[in-house]
Amino acid sequence: MNKSLVLNVVRQEGPISRAQIAKKTQITRATVSDIVNDLLQEQAIFEEGEDNSSVGRKGILLKYNASLGFGVGIDIGGTKISLALFDVNAEVLTHKRIPTFRVGTNEEFIRELVAAIRLFIAENDRDPAGLQVVGIATPGIVDYKAGIVVEGSPNLPGWENLDLCAKITELMGVPAVLENDVRAALIGEVWKGQCQDVQSAILIAIGTGIGSALLMDGNIIRGFGNAAGEIGYMMFERSHLARDWDNKGCFETLASGSGLAGRMADFGPAPGQAPDPTAVDIFEAARKGDPASAKLIDEFVDYVSISALNMIAVVNPEKILLMGGVSNASDVFLERVNENIKRHTFSRTKVEVTVSEMKELAPLYGIAILALREVQPTVEFLKGIKLA
């Protein structure tokens, strides 16, 4: 207990002297000295410089050793995969993007992923022996504690009932940690983004699909079946109950990037538009005044507004963040969404939707936190936030 406390004080407050640690922790100087000696021997901390603020004998300053090993974080998407190298202080040192592997089985996918991890480590001149952990953020429902993909993305082969962490650990020889990509992104926002010092927040991701993640009273919410935040299945009117939405869900069918593209096909392309317009094409056509595209975006605004208002009623968040490919067109719709929210909330529930500034870095920072929590359980990165 005391060792964990001293280590966290050095990580959060360093450079710091032994005397300052004793004062902050209310642990005796003799005990602090013994703990510091153990941490120095373990190379968890190191000595650097002197404390010039004190009178008399100068204390030696202590710093957390963030270079003691590294981890690799991965964000798997339907069209791209992001890889990040992070240190033991959960700082992303470098990252890159590669296309998602087009293979037939999950075994082939995992082999390609492991090869990409090893190449990434080599490209950054890192000794593979320094790898401590691999963290993976993936779409779909995941069992975080078991490391299993329960129900995954249809864009990934055999991505269900997949013991992904066990397979990565077997091939890489280090622990692996798994989390839903949107939930990992919210944790990243709490660590480095707009949700720092926030106790209740919602992250809504609208891209090819739709999902969300919830922070309530300092707790990351996963739900009984690890499916909390699957708002792609949200419905908006009585007639929606009678429709078969397949596995896509009502909200996702009506308002995701792929859903908008599918609905636009019923109208036909706007003048000068490609035969199979994407969500990007639709928003651009709406900007130019195309009536069919504008009608579709009007409906999109309503659905996003209703979903946000429903979630506000349940969560009462301090922050709502929007991310995903569709958020790149926020200039077309976000002001109207916020007007609707303002109209239907009161003084204790008012909140503004803003676009994530971290974007694709958010899940990489989030999975770094979760991965390091696995191999360094005594280090406290997010004070007051319960991750599991």
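Use the structure listed above.
Residues numbered from 1 in each chain as written. Predicted model: local features only at pLDDT ≥ 70, side-chain atom pairs only at ≥ 80, totals over all residues. Heavy atoms only, no water.

Chemist: Just give me the short version of the pattern of salt bridges, but keep the residues and values in it.
Modeler: The tally for this structure, following the rule as stated, stands at 13 salt bridges. Here Glu-47 and Arg-18 are joined by a salt bridge, their closest N and O atoms 2.7 Å apart. Of this pair, Glu-47 sits in strand β2 (residues 45-51) while Arg-18 is found in helix α2 (residues 18-25), placing the two residues 29 residues apart along the sequence. Residue class for Glu-47 comes out partly exposed when judged on its relative accessible area of 42%. A salt bridge links Glu-48 to Lys-63; the shortest N-O distance between them is 3.4 Å. With Glu-48 in strand β2 and Lys-63 in strand β3 (residues 59-64), this residue pair connects regions lying 15 residues apart in the sequence. Of the residues examined, Lys-63 reaches a relative accessible area of 27% and is grouped as partly exposed. (Salt bridge = Lys/Arg side-chain N within 4 Å of Asp/Glu carboxyl O. Helix = DSSP H or I, 4+ residues; strand = E, 2+ residues; numbered from the N terminus. Buried < 20%, exposed > 50% of the residue type's maximum accessible area, 1.4 Å probe, protein only.)

Chemist: With reference to specific residues and values, describe the sheet that holds strand β8 (residues 141-143).
Modeler: Strand order in the open sheet made by the three strands is β8-β9-β10, with antiparallel pairing throughout. Looking at which strands have only one partner, the edges of the open sheet turn out to be β8 and β10 (160-162). Across this sheet, the average inter-strand angle for adjacent strands is 25°, counted without regard to direction. Here β8 runs beside strand β9 (residues 148-151); their pairing, made up of three bridges, is antiparallel. Bridging across to β9, Val-142 finds its partner in Val-149. (Pairing = 2+ DSSP bridges. Axes fitted to C-alpha atoms, helices over the stretch in contact; angles between N-to-C directions.)

Chemist: Just give me the short version of the nonpolar core, but keep the residues and values in it.
Modeler: As a rule of thumb, soluble globular proteins bury nonpolar side chains together. Counting residues in hydrophobic clusters, the biggest one holds 55 residues, and the most contacted among them are Ile-21 and Leu-382. Ranked by the residues each element gives to this core, the list is headed by helix α12 (residues 361-375), at nine residues. Apart from residues lying up to four places away in sequence, Ile-21 is in contact with Val-6, Val-9, Val-10, Ile-16, Val-32, Val-36 and Leu-62. The next biggest cluster of nonpolar side chains, apart from the first, holds 42 residues, and it includes Phe-236, Leu-254, Ile-312 and Val-351. (Core = buried A, V, L, I, M, F, W, Y, C linked by side-chain atoms within 4.5 Å. Contact = heavy atoms within 4.5 Å.)

Chemist: Quick one: what's the story with the side chain of Arg-183, residue by residue and with numbers?
Modeler: Its location among the elements puts Arg-183 in helix α6 (residues 181-192). What Arg-183 contacts, discounting residues up to four positions off in sequence, is Ala-213, Ile-220, Ile-221, Arg-222, Asn-226 and Ala-228.

Chemist: How would you explain the packing of aromatic side chains if you had to name every residue and give the values?
Modeler: With the rule as written, the count across this model stands at eight aromatic pairs. Measuring from ring centre to ring centre gives 5.1 Å for Phe-101 and Phe-109, while their planes differ by 70°; the resulting arrangement is edge-to-face. No difference in accessibility class separates Phe-101 from Phe-109, as the two residues are buried. Ring plane angle 40° and centroid distance 5.9 Å describe the contact between Phe-283 and Phe-333, whose orientation is recorded as tilted. With Phe-283 in helix α9 (residues 279-287) and Phe-333 in helix α11 (residues 330-343), the pair connects residues that are 50 residues apart, well separated along the chain. Phe-333 matches Phe-283 in its accessibility class, with the two residues each being buried. (Phe/Tyr/Trp six-rings, centres within 6.5 Å; stacked < 30°, edge-to-face > 60°.)

Chemist: So, the pairing of strand β4 (residues 70-76): which residues are in play, and what are the values?
Modeler: Most of β4 is tucked away: seven of the seven residues are buried. Here β4 shows no split at all, with Phe-70, Val-72, Ile-74 and Ile-76 on one side and Gly-71, Gly-73 and Asp-75 on the other all buried. As paired strands, β4 and strand β5 (residues 80-87) are joined by seven bridges and run antiparallel to one another. Directly across from Gly-73, in β5, lies its bridge partner Ala-84. Remark: three residues form the turn of the hairpin made by β4 and β5, two consecutive strands paired antiparallel.

So far we have only geometry, and geometry alone does not tell us how the molecule works.
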